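Inside the fold
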2 protein chains.
Amino acid sequence: MRPCYPRPRNAEATRADILLTARKRFARDGYDEVGLRDIAREVGVDAALISRYFGSKEDLFLQVMQSCDNGEGFMLGDRATWGRRIAEQVMTKPKPESKMDSLPIMLRSLGSAKAMEIIGRSSDERFFRPLIEWMGGKDAEVRARLAASVVMGVAMGKEITGGLPLDDDAKARFTTRFARLLQSLLDDEDC
Amino acid sequence: MRPCYPRPRNAEATRADILLTARKRFARDGYDEVGLRDIAREVGVDAALISRYFGSKEDLFLQVMQSCDNGEGFMLGDRATWGRRIAEQVMTKPKPESKMDSLPIMLRSLGSAKAMEIIGRSSDERFFRPLIEWMGGKDAEVRARLAASVVMGVAMGKEITGGLPLDDDAKARFTTRFARLLQSLLDDEDC
DNA sequence: GAAGGTTGTCAACAGCTGATGACAAGTCCA
DNA sequence: TGGACTTGTCATCAGCTGTTGACAACCTTC
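Residues numbered from 1 in each chain as written. Chains lettered and ligands numbered in written order. Predicted model: local features only at pLDDT ≥ 70, side-chain atom pairs only at ≥ 80, totals over all residues. Heavy atoms only, no water.

**Structural notes on the overall build of chain A**
Looking only at helices and strands, chain A has nine helices and zero strands in total. Ordered by position from the N terminus, the helices and strands of chain A form the series α-α-α-α-α-α-α-α-α. Principal-axis analysis of the C-alpha atoms places the extent of chain A at approximately 60 × 35 × 30 Å. Counting every position in chain A, which comprises 191 residues, the buried fraction comes to 50%. (Helix = DSSP H or I, 4+ residues; strand = E, 2+ residues; numbered from the N terminus. Buried < 20%, exposed > 50% of the residue type's maximum accessible area, 1.4 Å probe, protein only.)

**Thoughts on the interface of chain B and chain A**
How big an interface is tends to be stated in terms of accessible area lost as the parts join. Across the boundary between the two partners, chain B contributes 48 residues, which contact 48 residues of chain A. Buried area between chain B and chain A, summed over both chains or domains, comes out near 4,000 Å², and the portion from carbon and sulfur atoms is 69%. A salt bridge links D139(A) to R173(B), with the nearest nitrogen and oxygen atoms 2.5 Å apart. At the junction of chain B and chain A, the tally comes to eight residue pairs in polar contact (both at pLDDT 80 or more). Among the secondary structure elements, those contributing two or more residues to the side of chain B that touches chain A are α6 (102-109), α7 (113-135), α8 (140-161) and α9 (168-187) of chain B. With 15 residues, α8(B) is the single largest residue contributor to the side of chain B that touches chain A. A per-class count over the side of chain B that touches chain A returns 23 nonpolar, 10 polar and 15 charged. (Contact = heavy atoms within 4.5 Å. Buried area = accessible area lost by both parts, 1.4 Å probe. Salt bridge = Lys/Arg side-chain N within 4 Å of Asp/Glu carboxyl O. Polar contact = N/O pair within 3.5 Å; in protein donor to acceptor, adjacent residues only side chain to side chain. Nonpolar A, V, L, I, M, F, W, Y, C, P; charged D, E, K, R; others polar.)

**Structural notes on the pattern of salt bridges**
Pairing is possible between side chains of opposite charge, provided their charged atoms come close. Throughout the structure, instances matching the rule amount to 26 salt bridges over all chains. Across the pair R28(B) and D29(B) runs a salt bridge, and its minimum N-O distance is 3.6 Å. The exposure class assigned to R28(B) is exposed, which follows from its relative accessible area of 51%. The class of D29(B) is buried, set by a relative accessible area of 17%. Residue E88(B) is joined to R84(B) by a salt bridge in which the shortest nitrogen-to-oxygen separation is 2.8 Å. You can see E88(B) and its partner R84(B) sitting in helix α5 (residues 82-91), four residues apart, about one turn around the helix. Its relative accessible area of 37% is what places E88(B) among the partly exposed residues. Each of the salt bridges in this network shares a partner with another, and the network as a whole consists of K24(A), R25(A), R28(A), D29(A) and E42(A).

**Description of the environment of A148(A)**
All names here are of chain A. Position of A148 relative to the elements: it lies in helix α8 (residues 140-161). For A148, a relative accessible area of 2% puts it in the buried group. Taking the C-alpha atoms as reference points, A148 and L19, 129 residues apart in sequence, are found 26 Å from one another. With residues near it in sequence (within four places) discarded, A148 still touches F127, F128 and L131.

**Thoughts on the protein's contact with DNA strand C**
Around DNA strand C lies a shell of 22 residues, among which R37(A), R9(B), T14(B), R52(B) and Y53(B) are the nearest. Within 4 Å of the protein, the atoms of DNA strand C are drawn from sugar and phosphate moieties in a proportion of 48%. One nitrogen or oxygen atom from the side chain of R9(A) is found 3.3 Å from a base nitrogen belonging to DNA strand C. A distance of 2.7 Å is found between a base nitrogen of DNA strand C and a side-chain nitrogen or oxygen belonging to R37(A). Per element, the largest residue contribution to the surface near DNA strand C is four residues, and it comes from helix α3 (residues 47-54) of chain B. Class assignment for the residues of the surface near DNA strand C results in nine nonpolar, six polar and seven charged. (Near = heavy atom within 4 Å.)

**Concerning empty space enclosed by the protein**
Within the structure shown, the criterion is met by one cavity of 30 Å³ or more. Taken together, 19 residues line the largest cavity, and the ones lying closest to its centre are D32(A), R108(A), G111(A), D32(B) and G111(B). Its residues assigned to classes, the lining of the largest cavity comprises three nonpolar, eight polar and eight charged. (1 Å grid on protein atoms, 1.4 Å probe; cavity = no way out; pocket = protein on both sides within 12 Å on 5 of 7 lines; lining within 4 Å. Points joined across faces, edges and corners; volume = space filled by probe spheres on them.)

**Overview of the domain arrangement of chain A**
Residues and elements named next belong to chain A. According to the domain assignment, chain A contains domain 1 (11-66) and domain 2 (69-187). For domain 1 versus domain 2, the distance between C-alpha centres works out to 25 Å. With 14 residues of domain 1 at the interface, the matching set in domain 2 holds 18 residues. Both faces considered, domain 1 and domain 2 share a buried interface measuring about 1,400 Å² in area, 65% of it formed by carbon and sulfur atoms. It is R23, A27 and M65 in domain 1 that bury the most area against domain 2; as a group they hold 40% of the surface buried on that side. (Domains from an automatic or database assignment.)

Right, here's the structure in full:
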């Protein structure tokens, strides 16, 4: 993996490489289980460089979180088909170059106190507040937090069971029910 | 915390102490962030003893998971009020001596590959299968997995935001909506 | 009271982690 | 050409991890 020829001198590109690789690894393995040396090796760089560019591992993690598309995709498109769109998105594997990694990063970093402090701080302003505002209507905060919980829960269920152990038919029904559930949280304002 | 007088010689009690303390710590901090020395210190014992009694840290974790009440409490009592009962249980802090720690342990250990392998193996047989059977009816597996996802998601949301940032009124409405959602997954068999 | 097994402690290990400061190599400008 | 700055590497640090084997203290049994 590490090329024999020396790495081209390009601080900006190297920095971007590190950030992208760190995002990928944090999403795949979580904060605690990825070392700076792992990331450095994959980028083809010495670990000391990461420390110099990003300060500490915590700082790197913070910048990775800030570089994510924190669910802005949740708030695009037709409101009438929102539930199904989100449900299908959660149920299918995201493309590896996607910036939509905040969910897996959060899932896999729940155990790390340092990471959680950063996640809690950034997820509220960058994810919950916008979602609440976008949903709108009566009790928007309650409905939005519940909807977010459902999405996170399904994602977590997939993690635990290793991608839901359901055949295609059942998976389709799961998705449908999941979608209807989200949609009703968006539409039904009365409790 | 560590008493000055030597620990009474009682292998069975010591073993139980270790198991209980390990469960508490794994639930609070997750697999990766708890060291054998942490657990040992809290029990008032040397870390080497844990290795001798339980083999490896992985083995200890497995036995901790097996000692948990893996959600059998989900399947008790009146079916008509099941949703609300579960919702309230999830929304309130569990007692510290509770054996219902499998959910927080899972949450906080999602990032650890070794722990996840154990969790995935044991949660299916000890949690999902019984729940599916208990729910019964058409598409029980789909409904049960979705219900479990919702429960896990709400628990996770509480973790991330540090106990939902809602006032008591909103929290009550959240719980009600949460409860209705679970109940409909139990009752409404048609998709 | 001596032998033998049980229960627990202690010291040490190899391996890993994040971080630091010294150093080499490339690039740019005067 | 020569100094100054940037970009990247290397060696090393202290601290932590799970695990192991030797050892001490205690209890039981003969």
